[in-house]
Amino acid sequence: MAVSVDIEKKLHGFTLKVKLESDGSPMGILGASGSGKSMTLRCIAGIQTPDSGRIVVNDKVLFDSEKKINLKPQERKVGYLFQNYALFPTMTVEKNIACGYRGDKKHLKAKVADYIERYQLNGLEKRYPGQLSGGQQQRVGIARAIVLNPEVIMFDEPTSALDPELVGETLKIIKKIAEEGITMIVVTHEMSFASDVASKVVFMDGGVIVEEGTPQEIFSNPKEERTRQFLQRILPR
């Protein structure tokens, strides 16, 4: 699914000015904290509203400031995994997953059971988020995002809240989703993951896209000084 974003939004300290295109291949977004990465995802998902611009997914206009189009989040078919997973604390695992389903209700029970099996949540169906580990909560969040049957799924720093030993497990899950052909945008600091999964990498700083290219182009031969400075801080020496 193609994704086209051309938006502006005034934020505290800077103005977000993002113009990006995805042909449906996995995309990684890099940048320091406060560079506008998460806000870009939130605008695509409909959680935040740009001041101006246009957002299109698979030829469907999600937002157009000139034409006064601004679809509600539940109308966008955009899956979004928040950094803290944003599970409903008073809902069980199965109900958290079910609330993301938008299809025929007669298939709901089977769909939820399928995703519980797929993400290794068997035996946890009746538990609440507070009774789960961080890794389990994350898998519930992923299942809820995928059961929507999204046209695009976005991950906001999916490994940031996990213990180090769980990072590899999470990256395997996300890589498998990418292999299934779902359009994916991932905000991440995991350079090895971005290199393995993303076909295109975007580097943001101060609310704008400074540089974009293939992982090899960005990591091995960045053209912009700001990109080089960022990579020098985070890449292993």
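Criteria and cut-off values
- Residues numbered from 1 in each chain as written.
- Predicted model: local features only at pLDDT ≥ 70, side-chain atom pairs only at ≥ 80, totals over all residues.
- Heavy atoms only, no water.
- Helix = DSSP H or I, 4+ residues; strand = E, 2+ residues; numbered from the N terminus.
- Rg over C-alpha atoms; globule rule 2.2 N^0.38 Å.
- Buried < 20%, exposed > 50% of the residue type's maximum accessible area, 1.4 Å probe, protein only.
- Contact = heavy atoms within 4.5 Å.
- Areas by Shrake-Rupley, 256 points an atom, 1.4 Å probe, with all protein chains shown as cover.
- Lys, Arg positive; Asp, Glu negative; His and termini not counted.
- Charge placed at Lys NZ, Arg CZ, Asp CG, Glu CD.
- Pairing = 2+ DSSP bridges.
- Salt bridge = Lys/Arg side-chain N within 4 Å of Asp/Glu carboxyl O.
- Patch = residues over 30% accessible without salt bridge, like charges linked within 9 Å, V, L, I, M, F, W, Y side chains within 5 Å.
- 1 Å grid on protein atoms, 1.4 Å probe; cavity = no way out; pocket = protein on both sides within 12 Å on 5 of 7 lines; lining within 4 Å.
- Points joined across faces, edges and corners; volume = space filled by probe spheres on them.
- Nonpolar A, V, L, I, M, F, W, Y, C, P; charged D, E, K, R; others polar.

**Brief notes about the overall build of the protein chain**
Move 1: When you go through the protein chain residue by residue, the secondary structure sums to 8 helices and 11 strands.
Move 2: Computed over C-alpha atoms, the radius of gyration of the protein chain comes to 18 Å, within 12% of the 18 Å expected from 2.2 N^0.38 for 237 residues, which places it in the range of a compact globule.
Move 3: The principal-axis extent of the C-alpha atoms belonging to the protein chain is close to 50 × 50 × 30 Å.
Move 4: Counting every position in the protein chain, which comprises 237 residues, the buried fraction comes to 48%.
Move 5: Long-range contacts, defined as pairs at least 24 residues apart, comprise 62% of the intrachain contacts of the protein chain with a sequence gap of at least 6.
Move 6: In the form shown here, the protein chain has an accessible surface area of approximately 11900 Å², with 47% of it arising from carbon and sulfur atoms.
Move 7: Side-chain charges in the protein chain split into 33 positive and 30 negative, and the spacing between the mean points of these groups amounts to 5 Å.

**Thoughts on the pairing of strand E9 (residues 183-187)**
Move 1: Most of E9 is tucked away: 5 of the 5 residues are buried.
Move 2: Residues Thr183, Ile185 and Val187 point to one face of E9 and Met184 and Val186 to the other, with burial holding for every one of them.
Move 3: Of the strand pairs in this sheet, strand E3 (residues 27-30) and E9 are connected by 3 bridges, and their pairing is parallel. Within E9, the position partnered with Gly28 by the bridge is Val186.
Move 4: With 5 bridges connecting them, strand E8 (residues 152-156) and E9 associate as parallel partners. Residue pairing across strands places Met154 opposite Ile185, the latter belonging to E9.

**Side note on the pattern of salt bridges**
Pairing of side chains with opposite charge becomes possible as their charged atoms draw close.
Move 1: Enumeration according to the criterion identifies 7 salt bridges in this entry.
Move 2: Where Arg139 meets Glu169, a salt bridge forms, and the shortest distance between an N and an O atom there is 2.9 Å. Taken together, the positions of Arg139 in helix H4 (residues 134-147) and Glu169 in helix H5 (residues 164-179) put the pair 30 residues apart, joining distant regions of the chain.
Move 3: By relative accessible area, which is 32% here, Glu169 ends up partly exposed.
Move 4: Notably, a salt bridge pairs Glu212 with Lys200, separated by 2.8 Å at the nearest N-O pair. Taken together, the residues Glu212 in strand E11 (residues 208-213) and Lys200 in strand E10 (residues 200-205) connect sequence positions 12 residues apart.
Move 5: A relative accessible area of 37% means that Glu212 is categorised as partly exposed.

**A word on a negative patch on the surface**
Move 1: A contiguous patch of negative charge, built from Asp6, Glu8, Glu21 and Asp51, is present on the exposed surface.
Move 2: On the accessibility criterion, Glu21 (43% relative accessible area) is partly exposed.

**Some remarks on the layout of surface pockets**
Move 1: Of the volumes computed, that of the largest pocket is approximately 440 Å³.
Move 2: In this structure, the largest pocket is lined by 19 residues; those nearest its centre are Val78, Tyr80, Phe82, Arg102 and Arg144.
Move 3: Where the lining of the largest pocket is concerned, the elements lending two or more residues are strand E7 (78-81) and H4.
Move 4: Grouping the constituent residues of the lining of the largest pocket by class yields 11 nonpolar, 4 polar and 4 charged.
Move 5: Quantified by volume, the second largest pocket comes out at close to 180 Å³.

**Section: the pairing of strand E2 (residues 14-22)**
Move 1: For strand E1 (residues 3-11) and E2, the ladder comprises 9 bridges, and the chain directions are antiparallel. Counted as the bridge partner of Val3 is Ser22 from E2.
Move 2: The antiparallel pairing of E1 with E2 creates a hairpin that spans 2 residues between the two strands, and Gly13 there sits at a positive phi of about 100°.

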